[in-house]
Amino acid sequence: MVANAVGLLLSILLIFPKVGLIFGEWTYGRWLPLHLNWQLYGWTALPLVAWVFFLLPQSRNSLAKASCLGIRAWSAVLALGGISWLTGHTSGKIFLDWTGFLRVLFPAVILYLWGVLALAWYRGEKRNWFVVPGLLVLLAVPFGLYFASSPEVYPHVDQSTGGPTGASLLNSTLSVVFLLLILPLALRHKPPGKSLDRLVWGFFAVNFFLGLYSETLPHSHHHPGQITCLASLLLWLGLLPYYYSKQEWKTPHPLWQKAMFVWLGVLILNGFITFLPGILDRLKFSNALVAHSHLAMAGFTTSLLIFVLQQILPQKIALRMNNRRAFWSWHLATAGYIVLMIFAGIFESTDPSFLTYPGVLRDTLYGLRSLSGLALFLVSIHWWKALQS
Ligand code: HEM
Ligand code: HEM
């Protein structure tokens with residue numbers, strides 16, 4: 001909710017830059033990390049933390065106080081982060097803006113939460129040894145975050161664009177596919193049938209090796225190998241919804257599951273087309289990528305997370321997220337936001353000065369974007385209130 005409010009402010013500043021004078025030194029560039037990091041660590045990360053707690057019941061029973069303390073500390077560090085970014089302290093790396101003592105404090109909070117989870121596993125009635133590899137992977141997170149926040153560390157980039165390579169886009173999307181595949185397993189659903197399981201995991205293994213292979217190819221989005229390997233993601237468009245349709249889900253009308261797959265389909269198609277030579281070169285740094293980011297995070301990731309929450313929360317609370325009006329308002333406003341920014345991106349790619357000077361078309365697109373943003377902000381207030389009662 002707060003991250004959305006900052007997004008709304010940013011969108012207004014882009015139409016009326018003079019509003020920024022109210023905030024003095026807290027300029028647009030200082031507000032932006034608050035929107036990005038609060039969306040990522042304040043919204044998209046926390047339902048996944050809830051999911052891990054769900055898998056280790058002791059973390060919610062005898063260790064509930066210790067767990068709550070960790071979550072409160074998490075939010076407190078995000079608030080401190082807000083002050084730090086507004087006062088101009090940042091590593092300059094998108095989503096890894098942690099500098100100074102916060103670069104240690106945030107990983108320390110994550111490490112503390114990991115300790116609570118490890119204790120919950122140890123104290124469990126039946127110690128499930130399958131959880132151990134998962135715990136070991138999670139242990140790497142705080143150290144990885146500290147390491148990656150260094151301004152001296154950078155991943156491979158496609159030197160013709162300065163952006164991620166096809167291989168890194170493929171591998172990061174495969175980690176999301178992996179999450180989607182283990183979700184029914186981790187919720188201990190009855191397997192839908194051995195042959196379907198074998199097909200899905202067999203295809204995942206092939207795709208995983210394709211991801212490793214594509215890392216060895218030249219890092220250019222003009223290379224046919226990079227394009228072909230990335231195209232392998234398109235097969236998941238049919239396979240994942242089919243796999244999910246064969247599972248037994250807890251909420252009777254998996255509204256959010258449908259939304260998640262619609263957005264995932266549009267996301268993979270949009271991401272793949274954006275990657276193609278001739279297109280990425282034009283859309284680079286334009287609002288078309290802002291559209292992609294909101295498609296990925298406000299559309300797909302938000303739907304995935306609400307779906308996950310509905311699987312782990314008590315039914316009565318889970319159903320509160322199914323209010324049709326709020327559901328459709330969120331998705332229509334997100335779709336509106338995306339379409340508006342794709343148009344803005346196309347206009348920018350044909351005329352780079354399109355955004356530099358105020359104009360009726362530019363201001364209309366930005367104005368309507370702010371209205372979509374207002375709708376998203378209001379829906380988030382509605383959800384917050386619905387979950388309080
Ligand atoms: C949950 C999944 C995803 C998330 C959260 C995500 C997020 C992002 C973000 C934040 C950016 C940076 C935008 C900017 O620089 O303004 C980006 C860029 C991009 N993404 Fe995604 N994305 C996802 C999935 C995908 C998929 C599936 C594809 C392709 C099949 C893809 C292709 C691209 C491309 C081509 C770029 C531009 C790279 C460049 O700057 O050169 N993304 N994505
Ligand atoms: C109230 C609704 C929202 C509004 C008004 C809004 C507005 C904005 C604005 C104005 C930007 C900066 C674009 C630029 O610098 O040109 C931005 C960037 C971004 N926002 Fe939002 N946003 C909203 C909701 C969200 C949500 C819900 C998410 C994720 C869950 C999100 C994730 C992002 C990301 C990842 C970027 C970086 C885009 C890029 O660099 O390509 N936003 N947003």
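As a reminder, the structure under discussion sits directly above these lines.
The structure contained in this document is the topic of the report that follows. In this text the structure is predicted, and so the values were computed from the model without any measurement.

**A word on the overall build of the protein chain**
At step 1: Per the secondary structure count, the protein chain includes 16 helices and 0 strands.
At step 2: Compactness check: the protein chain gives a C-alpha radius of gyration of 21 Å against a globular reference of 21 Å for 389 residues, within 12% of the reference.
At step 3: Referenced to the eigenvectors of the C-alpha coordinate spread, the extents of the protein chain come out at roughly 65 × 50 × 45 Å.
At step 4: Counting across all 389 residues of the protein chain, residues that qualify as buried make up 45%.
At step 5: By element, 72% of the accessible surface of the protein chain is carried by carbon and sulfur atoms, the whole surface being about 20000 Å².
At step 6: Distance from the positive charge centre (26 side chains) to the negative charge centre (12 side chains) of the protein chain: 17 Å.

**What about the layout of surface pockets?**
At step 1: When its volume is computed, the second largest pocket comes out at roughly 330 Å³.
At step 2: In terms of lining residues, the second largest pocket is bounded by 15 residues, among which Leu55, Pro57, Gly124, Glu125 and Lys126 are the most central.
At step 3: At the level of elements, helix 3 (46-55) and helix 5 (102-123) are the ones that each hand at least two residues to the lining of the second largest pocket.
At step 4: Its residues assigned to classes, the lining of the second largest pocket shows 7 nonpolar, 4 polar and 4 charged.

**Things to note about the site of ligand 1**
At step 1: Around ligand 1 sit 18 residues in total, of which Thr173, Gly271, Lys284, His292 and Ala296 are the nearest.
At step 2: One of the side-chain nitrogen or oxygen atoms of Lys284 is found 2.5 Å away from an oxygen atom of ligand 1.
At step 3: Here His292 contributes a side-chain N or O atom positioned 2.9 Å from a nitrogen atom of ligand 1.
At step 4: Sort the elements by how many residues they give to the shell around ligand 1 and helix 13 (residues 287-312) lands first, with 6 residues.
At step 5: Residue composition of the shell around ligand 1, by class: 11 nonpolar, 6 polar and 1 charged.

**Structural notes on a nonpolar patch on the surface**
At step 1: Taken together, the side chains of Leu80, Ile83, Phe101 and Leu105 present a nonpolar region at the surface, about 380 Å² in accessible area.
At step 2: Its place among the elements puts Ile83 in helix 4 (residues 64-86).
At step 3: Among the residues examined, Ile83 registers a relative accessible area of 54% and is labelled exposed.

**Some points on the site of ligand 2**
At step 1: Contacts to ligand 2 come from 24 residues, most closely from Tyr28, His35, Ser293, His294 and Gly373.
At step 2: With respect to ligand 2, the side chain of His35 contributes an N or O atom lying 2.8 Å from a nitrogen atom.
At step 3: Note that a nitrogen atom of ligand 2 is positioned 3.4 Å from one of the side-chain N or O atoms of Tyr337.
At step 4: When residues of the shell around ligand 2 are traced back to their parent elements, those giving at least two are helix 1 (2-15), helix 2 (28-44), helix 13, helix 15 (324-350) and helix 16 (360-388).
At step 5: Ranked by residue count, the leading element in the shell around ligand 2 is helix 13, at 7 residues.
At step 6: Considering only residue class, the shell around ligand 2 consists of 14 nonpolar, 9 polar and 1 charged.

**Comments concerning the coordination of the iron atom of ligand 1**
At step 1: What the protein offers the iron atom of ligand 1 as a donor is a single atom, His292 (NE2), at 2.1 Å.
At step 2: With respect to the helices and strands, the residue His292 is situated in helix 13.

Calculation notes
Residues numbered from 1 in each chain as written. Chains lettered and ligands numbered in written order. Predicted model: local features only at pLDDT ≥ 70, side-chain atom pairs only at ≥ 80, totals over all residues. Heavy atoms only, no water. Helix = DSSP H or I, 4+ residues; strand = E, 2+ residues; numbered from the N terminus. Rg over C-alpha atoms; globule rule 2.2 N^0.38 Å. Buried < 20%, exposed > 50% of the residue type's maximum accessible area, 1.4 Å probe, protein only. Areas by Shrake-Rupley, 256 points an atom, 1.4 Å probe, with all protein chains shown as cover. Lys, Arg positive; Asp, Glu negative; His and termini not counted. Charge placed at Lys NZ, Arg CZ, Asp CG, Glu CD. 1 Å grid on protein atoms, 1.4 Å probe; cavity = no way out; pocket = protein on both sides within 12 Å on 5 of 7 lines; lining within 4 Å. Points joined across faces, edges and corners; volume = space filled by probe spheres on them. Nonpolar A, V, L, I, M, F, W, Y, C, P; charged D, E, K, R; others polar. Near = heavy atom within 4 Å. Polar contact = N/O pair within 3.5 Å; in protein donor to acceptor, adjacent residues only side chain to side chain. Patch = residues over 30% accessible without salt bridge, like charges linked within 9 Å, V, L, I, M, F, W, Y side chains within 5 Å. Salt bridge = Lys/Arg side-chain N within 4 Å of Asp/Glu carboxyl O. Donors = N, O, S within 2.8 Å, 3.2 Å for Na, K, Ca; no water.

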